[in-house]
There are 2 protein chains.
Amino acid sequence: MYRTNTCGELRLSHAGQTVTLSGWVQKMREFGGMTFVDLRDRYGITQLVFNMETNPEQFKLAQKLGREFVVRATGIVAERSNKNPNMPTGDIEIHVDSIEILNAAETPPFTIEENSDGGDELRMKYRYLDMRRAPLQRNLMLRHRMAQSVRHYLDLQGFIEVETPVMIKSTPEGARDFVVPSRMNQGQFYALPQSPQMFKQLLMVSGYDRYMQIVKCFRDEDLRADRQPEFTQIDCEMAFVEQQDILEVFEGLTKHLFNEVLQVQFEGSFLKLPWEQAMSEYGSDKPDLRFGMKIKELVTRDTKHVTRNPEESLLPGHASRVTRFDSTGFPAFDESEYIGGIIAAGCAEYTRKQLDELTDFVKKPQIGAKGLIYVKFNMDGTIKSSVDKFFDAAALQGWAEVTGAKPGDLLLILAGKRDKTLKALGELRLEMGRQLNLMDKNKYVPLWVVDFPLVEWDEETARFYAMHHPFTAPKPEDIPMLDIDPGQVHANAYDLVINGIEIGGGSIRIHDAGLQKKMFEVLGFTDEQAEYRFGFLMNAFKYGAPPHGGIAFGFDRWVSLFAGLNSIRDVIAFPKNNQGRDVMQDSPSNLDEEQLKELGIKIS
Amino acid sequence: MYRTNTCGELRLSHAGQTVTLSGWVQKMREFGGMTFVDLRDRYGITQLVFNMETNPEQFKLAQKLGREFVVRATGIVAERSNKNPNMPTGDIEIHVDSIEILNAAETPPFTIEENSDGGDELRMKYRYLDMRRAPLQRNLMLRHRMAQSVRHYLDLQGFIEVETPVMIKSTPEGARDFVVPSRMNQGQFYALPQSPQMFKQLLMVSGYDRYMQIVKCFRDEDLRADRQPEFTQIDCEMAFVEQQDILEVFEGLTKHLFNEVLQVQFEGSFLKLPWEQAMSEYGSDKPDLRFGMKIKELVTRDTKHVTRNPEESLLPGHASRVTRFDSTGFPAFDESEYIGGIIAAGCAEYTRKQLDELTDFVKKPQIGAKGLIYVKFNMDGTIKSSVDKFFDAAALQGWAEVTGAKPGDLLLILAGKRDKTLKALGELRLEMGRQLNLMDKNKYVPLWVVDFPLVEWDEETARFYAMHHPFTAPKPEDIPMLDIDPGQVHANAYDLVINGIEIGGGSIRIHDAGLQKKMFEVLGFTDEQAEYRFGFLMNAFKYGAPPHGGIAFGFDRWVSLFAGLNSIRDVIAFPKNNQGRDVMQDSPSNLDEEQLKELGIKIS
């Protein structure tokens, strides 16, 4: 028997008992003829004591121990004279009668402590050692707890867990598929699923009514900072539902998880924010609503019908403002389709250096603004701006009225193409949120973003792409527009956003074979292409498909949100690096000729 | 709103309520100005009634319905005059006020009923329709229930669910890996895991203590009748345990599942049967213990030291029997290494035809016996055998004493090489079990098979192969024999067998880097090969690996056992056929040139 107790459970009430513990040597200290060893396992740390006087033999043995040795120790639980109130086991120690080394350990390449001294590469290579550290253990236990909680909740709601296949047909649309050469069907390939989308829809056609699965998905993308080639989704689908039914069920799941795992409660329903409003007020389809700082529009010109007469191109109600701008002769404004700004409250005192840094920030290639215009509304009533040459105090005061700037505030303005400028303002807003500490880690603001565009036009390939995927239903009232102006059609789709992170997204699906066919046409598929890729789904729709819809949550991201992390890497046990490599296993790796030959493929 | 209730929940107590149901048309009947429609969903069937007199408009609409149409109906719950006690909803019907066709359906290619008229191929192609049938729905819901139950139990036992990667390093040993070409690391490949074996061991090295996962595994094998290229394991590992600890935990899991899902209870601990005894008494390493009919050994000769003098080669205690055989001059016996038989109780009346069929059975290539010897011990005391020429009544009576045959019994004897003959007797025993109805579908007899050989010699490649896998620990007392005679070493391994089905298997693992190195030597790996394939694991063992062990259960098989099925195919939502194809998706399929080029591979 390796242990009677874990290293986390002994208390003062156990004093006098003889116990056996097993674990890892966390730390050793010598002090006046005594050796103290902190013994660690998943459950905690318990102090072992070796006494030179009373047990010289075991004392000697203890001196042979080193960090991360695996040992079994038997002894008597005793009250500590020097209690440690920071540890649950801090009231006791074990007076060791016998100790046995179960496995020795070489000195680890970095310290196994709360904050390790190991670099990223080293810790990835020795992932099994890094995972001994308490933060990683907490993350993975949090992940475990969340997974159980999700399934338990959905089970009670009547969802059935169904395992969908991992080796499926390659039907790439959007990201690239990972593929698997077939030995038994040479020259042919399976694909790994980017999501079980079509299978879960088929399950609805099959009458399973409510489906759920926590499932691995795969995308062969060039990896950005926080992407993994394999990632995990909480994948769900429901039949005989409308959008509101789905939002209610998954708002319930969200509240349940927050309550059960973080002990955080929400009052009332989550805000529903139309996509267009999210973009125009926050410059993002996943706004962080922990703070306000809404984007204020100064002017928008209609891009669709460019005209020489600015009066004609104004959005209703903006006439007075635009008139004022148009009279200035400031080229950055006069040539812009859109001008907007945000108010950084109380930042009128920002220094030249701080403003330069903000200008550098918005000019970064990934943000791409040409420059930043600022207006300081000083406490003494004076106004100082970077465009004093072009605008007088009255004009600037007019901007304060439009944007709601108060004395002491800083107005930051960007101008340019509408979509791009809004996104840049969104990034600037987040940057100011960070600088002003408006993103409280312990505050959570969930919302639904709804009414997305159904399709996006891609200039390069000169075709529409589905904003979510080709099975998303248009809003019923917009269906007639599919023939006329697909870009104006809204999707019956929704994203769950928390603190600026897209936690999940889904839609009501098309369940009508005719409408699905029309959608494939809009996306520019020929009948043959549609049939080859999605024939089995369209066929299924002919035999009685119920109205249905669903949602998928990014589980890695949700766990990292709950763990208070910015990256998903440390909520995954064995992640891959930015080159898609597992540096611990040294994978991917070469195959021998025999394997390639059997598969009927060659390296080119 | 699509429904106020499901098709399974309305009872007499709902009479008078106005309800809305949605579902599929299961069946329609016309009877005296009334149309009766059985409306089906996952939860049950409810009868809708349309009355020509009281609601002619809706009556007309109902006549347009067809099988598998998806409809929404609103009406009043009413007591049936003609109740159906076989349905939970059989006391009521819905008097329909309005019905709406949500989706029409073409006539399905086979009937969606308890027993379909569709052939296997057709049902696989239209899997989404086959899955509407009640037996499939029951299977998948059983699977769901079992998965929740397994995780819930293991969670309470302190197991942590950890997701291990799906794209790993290719280290084939035994079966072939499926591989995934890497686009970002051209010329290199990931593999899909045959099991998460090494990862779960690393999790023990990392101190996670108790790990569990219900996880997809992959083997690129030539598919036998009941294999799938992707299958599901309940995968578990524990640290600081000995064999007995593991057996207790998973006996607990097994009992929990039986109790919770099937309401079956077991008394006491499961039998532990050494592998050698399982082979010699049942001719199988997964004996079906629902019935006895143990194999009785008549003689074994020592094959290791072949000798001309039969007396010398006898196993102790068998001298008298062998002496008798050896005096007969019956070549099939005299030339055999092993002679054994089973008693078919009460089968002395078997006809010539029945015996011929049994002879054909044992001569089938997959069983491979040369012939069958029978002895009928008739009720009247006479004895009739197929070897009357060689053995007199006294000799045959001697066999009855050895085997325990009673008047009325039939003794069936096979002779030949020991291992092969035992396996053939095992098959014959199962066949007799079937013929005599000894395999009660409602009886479950679980047991642990233990003390497997560690390695098996393969003549063809002239090397040892691990019987389980290369990480299985030898029994401590057998370790010295690793150097002398590896074939004699027993593994610290165990299989859970229920009703002749291997439900799971596992072992205590090697946790010592030196012993693991020795094991790789026994298996004929060079240091370089071992380092290339398993280097990261051996490296991990240097930094403090705890003693550990685990088990993996074949989840598909376990569900099919509980479902009372002989095949795993219908407990999997979207299975592949014997050629590894998904005939519904028509996958695997060709890739276009562009995809291949990006991956840097060619079809040869």
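Residues numbered from 1 in each chain as written. Chains lettered and ligands numbered in written order. Predicted model: local features only at pLDDT ≥ 70, side-chain atom pairs only at ≥ 80, totals over all residues. Heavy atoms only, no water.

**Overview of the domain arrangement of chain A**
The following threshold applies: Per the annotation, domain bounds derive from an automatic or database assignment of domains.
What the domain assignment reports for chain A is domain 1 (12–103), domain 2 (137–272 + 447–571) and domain 3 (291–437). The C-alpha centroid of domain 2 of chain A is placed 51 Å from the C-alpha centroid of domain 1 of chain A.

**Here's the deal with the packing of aromatic side chains**
Where two aromatic rings form a pair, the distance of their centres and the angle of their planes describe that pair. Basically, it comes down to this: In this scheme Phe, Tyr and Trp rings, the latter by its six-membered ring, pair at centre separations within 6.5 Å, and the angle between planes marks the pair as stacked below 30 degrees, edge-to-face above 60, and tilted otherwise. Each helix is a run of DSSP H or I of at least 4 residues and each strand a run of E of at least 2, with the numbering of both proceeding from the N terminus. Note on classification: 1.4 Å probe, protein chains only; a residue is buried when its accessible area is under 20% of the maximum for its type, exposed when over 50%, partly exposed between these limits.
Inspection of every chain in the model, using the stated rule, returns 55 aromatic pairs over all chains. Ring centres 5.8 Å apart and planes at 85° place the aromatic pair Tyr126(A) and Tyr543(B) in the edge-to-face group. Taken together, the residues Tyr126(A) in the loop between helix H2 (120–125) and helix H3 (127–130) and Tyr543(B) in the loop between helix H15 (527–540) and strand E22 (548–554) connect one chain to another. In terms of burial, Tyr126(A) and Tyr543(B) fall into one category: buried. Arranged with centres 4.8 Å apart and planes meeting at 75°, the rings of Trp457(B) and Phe464(B) form a pair that is edge-to-face. A residue is classified by how much of its surface remains accessible, and Trp457(B), at 45% relative accessible area, is partly exposed. By relative accessible area, Phe464(B) is classed as buried at 15%. Through pairs of rings, three or more aromatic residues link up here, namely Phe159(A), Phe250(A), Phe258(A), Phe266(A), Phe270(A), Tyr444(A), Phe553(A), Trp558(A) and Phe562(A).

**Quick word on helix H11 (residues 393–403) of chain A**
All of the buried residues in H11(A) are Ala395(A), Leu396(A), Gly398(A), Trp399(A), Ala400(A) and Thr403(A). Positioned one or two residues after H11(A), Gly404(A) has a phi angle of 80°, which is positive.

**Some words on the pairing of strand E4 (residues 70–79) of chain B**
Residues and elements named next belong to chain B. For clarity, the threshold we go by: Two strands pair if DSSP finds at least two bridges between them.
Where burial is concerned, most of E4 is hidden: seven out of the ten residues are buried. Looking at chain direction, E4 and strand E5 (residues 92–103) are connected through ten bridges and run antiparallel. By the bridge assignment, alanine 73 is partnered in E5 with isoleucine 99.

**With respect to the interface of chain A and chain B**
Rule in force here: Residue contacts are defined here by distance: any two heavy atoms, one from each residue, within 4.5 Å place the two residues in contact. The term buried area denotes the loss of accessible surface (1.4 Å probe radius) that occurs when two parts are joined, taken as the sum for both partners. In the sections that follow, a salt bridge refers to a side-chain nitrogen of Lys or Arg positioned within 4 Å of a carboxyl oxygen of Asp or Glu. Any pair of N or O atoms that falls within 3.5 Å is considered a polar contact. Within protein, one atom must be able to donate a hydrogen and the other to accept it, and sequence-neighbouring residues count only if both atoms are side-chain atoms. Side-chain classes follow a simple rule in which Ala, Val, Leu, Ile, Met, Phe, Trp, Tyr, Cys and Pro form the nonpolar group, Asp, Glu, Lys and Arg form the charged group, and the remainder, Gly included, forms the polar group.
Taken together, the contact pairs 126 residues of chain A with 126 residues of chain B. For the pair chain A and chain B, the summed buried area comes to about 11,200 Å², and 54% of that belongs to carbon and sulfur atoms. Along the contact surface separating chain A from chain B lie 14 salt bridges. Across the salt bridge formed by Asp222(A) and Arg183(B), the nearest N and O atoms sit 3.2 Å from each other. Here chain A is connected to chain B by 81 residue pairs in polar contact (both at pLDDT 80 or more). Residue composition of the side of chain A that touches chain B, by class: 66 nonpolar, 30 polar and 30 charged.

**Some details on helix H1 (residues 56–63) of chain B**
Residues and elements named next belong to chain B. Note the following rule: This arc is taken over the directions from the axis of the helix to the C-beta atoms.
Those residues of H1 that sit buried are Gln58, Phe59 and Ala62. Viewed along the axis of H1, the buried residues span an arc of 105°, placing them on a single side of the element. Exposed residues on H1 whose side chains face more than 90 degrees from its buried face are Glu57 and Lys60. Buried residues along H1 sit against strand E1 (18–31), strand E2 (34–41), strand E3 (44–51) and E5.

**Some remarks on the relation of the copies chain A and chain B**
Put simply, the rule reads: Only residues with pLDDT of at least 70 in both copies count here: their C-alpha atoms drive the least-squares fit that superposes the copies.
Mapping chain A onto chain B calls for a screw motion: a turn of 180° about the axis and a shift of 0.0 Å along it, with 0.1 Å RMSD after fitting. The operation mapping one copy onto its partner corresponds to a two-fold rotation axis. Of the residues that chain A buries at the interface, 100% are likewise interface residues in chain B, meaning the two copies contact each other through the same surface.

**A look at the sheet that holds strand E11 (residues 271–274) of chain A**
Residue and element names in this part refer to chain A. As a reminder of what qualifies: Note on method: axes are straight lines fitted to C-alpha atoms, helices fitted across the in-contact stretch only, with angles between N-to-C directions ranging 0 to 180 degrees.
One open sheet holds the eight strands; their spatial order is E6-E9-E10-E22-E21-E20-E17-E11, and the pairing between them is mixed. This sheet does not close on itself; its edge strands, each paired only once, are strand E6 (160–161) and E11. Here strand E20 (residues 493–498) runs beside strand E21 (residues 501–508); their pairing, made up of six bridges, is antiparallel. Directly across from isoleucine 498, in E21, lies its bridge partner isoleucine 501. Most of the contacts of helix H7 (residues 275–282) go to E11, to which it runs at about 85°, and overall it touches E11 and strand E17 (446–450).

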